[in-house]
Amino acid sequence: MIFLTRRATFSASHYYWNPAWSAEENERVFGRCSNRNGHGHNYTLEVTVAGVPDPVTGFVVDLKWLKDVIENEVMSAWDHRHLNLEAPEFAHVNPTTENIAIAAWKRLEHAVTRQGGARLSSVRVYETPEIFAEYRGEA
Amino acid sequence: MKAYFGRRYMLSASHRLHSESLSAEENRAAYGKCNNPHGHGHNYVIEVLVGGPVAAETGMVVDLVALDAAVHRQVVDRFDHTNLNLDPLFEHLAPTTENLCKAAFELLKDALPGGELEYVRVEETENNFFQCYRA
């Protein structure tokens, strides 16, 4: 089994807010991230697929194909967007790094599975070089 | 849903690789330049990955500020700008990065403010790193 990873970057803005809480509670829990005017990051997405190299091509999957899947499923929806206001999955869910990793998985899994030959293994999202989250499809 | 939250920290420390159970000559053979009696130092990167359910209220596995406080208290403040050989943990144990990685894992595993420690990774330089996983 080989694990193949493709990296992509996108830039987006967001804020953290729980509408069930008071403004004070949001500020206490989320700190500066609760500023409703938002702030932004340069995110790095790492998409890892697992599979056995094809005996003819030697590929687990075609990297150009994977690049296009990431572009079509994730980048086109999130790059240079405000995640809370423009990405439907974050209309009622905080766009934390954890939730971004889960949402990216959901956007990618169908396309990777449909292609056959490999399975989505993990999605890692770096919010900064020092802060990241990963989702491996676990319940 | 279970996800993982990761954070990277830096600390600078000196060490000398030397084993009590080896002769001076054997230590030089085993550790080479790292056996220099005066020691040497590194900028270590400590990467911590914490797994757990994503809380519906916050969207988080673990609170970043609380995690930072725990890692600083247990690991960074203990080792940063110190000589690792003088730490009681390394009194009879060579402070290799393998052993530093295991020590950091042990110091953190029961001290997290939430979630479960998945791994500790220690990068000694840009070209070598070590990971210790939950058994």
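Residues numbered from 1 in each chain as written. Chains lettered and ligands numbered in written order. Predicted model: local features only at pLDDT ≥ 70, side-chain atom pairs only at ≥ 80, totals over all residues.

K.L.:
If you had to explain the overall build of chain B to someone new, which residues and values would you point to?
P.N.:
On a plain count of helices and strands, chain B comes out with 3 helices and 5 strands. Counting from the amino terminus, helix and strand elements in chain B follow one another as β-α-β-α-β-α-β-β. Along the three orthogonal principal directions, the C-alpha set of chain B runs to about 60 × 25 × 25 Å. Across the 135 residues of chain B, 30% fall into the buried class. Taking all contacts inside chain B whose residues are at least 6 apart in sequence as the whole, residues at least 24 apart take part in 69%. (Helix = DSSP H or I, 4+ residues; strand = E, 2+ residues; numbered from the N terminus. Buried ≥ 20, exposed ≤ 12 C-beta atoms within 10 Å, placed from the backbone. Contact = placed C-beta atoms within 7 Å.)

K.L.:
Break down the interface of chain A and chain B for me, with residues and values.
P.N.:
Facing the 17 residues of chain A at the interface are 15 residues of chain B. Elements with a minimum of two residues in the side of chain A that touches chain B: helix H4 (97–115) and strand E5 (131–135) of chain A. The leading source of residues in the side of chain A that touches chain B is E5(A), at 5 residues. Residues that form the side of chain A that touches chain B fall into these classes: 9 nonpolar, 4 polar and 4 charged. Both E5(A) and strand E1 (residues 2–15) of chain B contribute to a ladder of 4 bridges, which runs antiparallel. Residue pairing in the sheet places A:Ala133 in a bridge with B:Phe5 of E1(B). (Nonpolar A, V, L, I, M, F, W, Y, C, P; charged D, E, K, R; others polar. Pairing = 2+ DSSP bridges.)

K.L.:
An account of helix H2 (residues 64–79) of chain B is requested, with residue identities and associated values reported.
P.N.:
Residues and elements named next belong to chain B. Taking 1.5 Å as the rise per residue, H2 with 16 residues should run 22 Å; its terminal C-alpha atoms sit 21 Å apart, in good agreement. At His72, H2 shows its strongest bend, of approximately 50°. Along H2, the residues that are buried comprise Leu67, Ala70, Val71, Val75 and Phe79. At its buried positions, H2 is contacted by E1, strand E2 (40–53), strand E3 (82–83) and helix H3 (97–109). (Expected span 1.5 Å × (residues − 1). Bend = angle between axes of the 7 residues up to and from the residue.)

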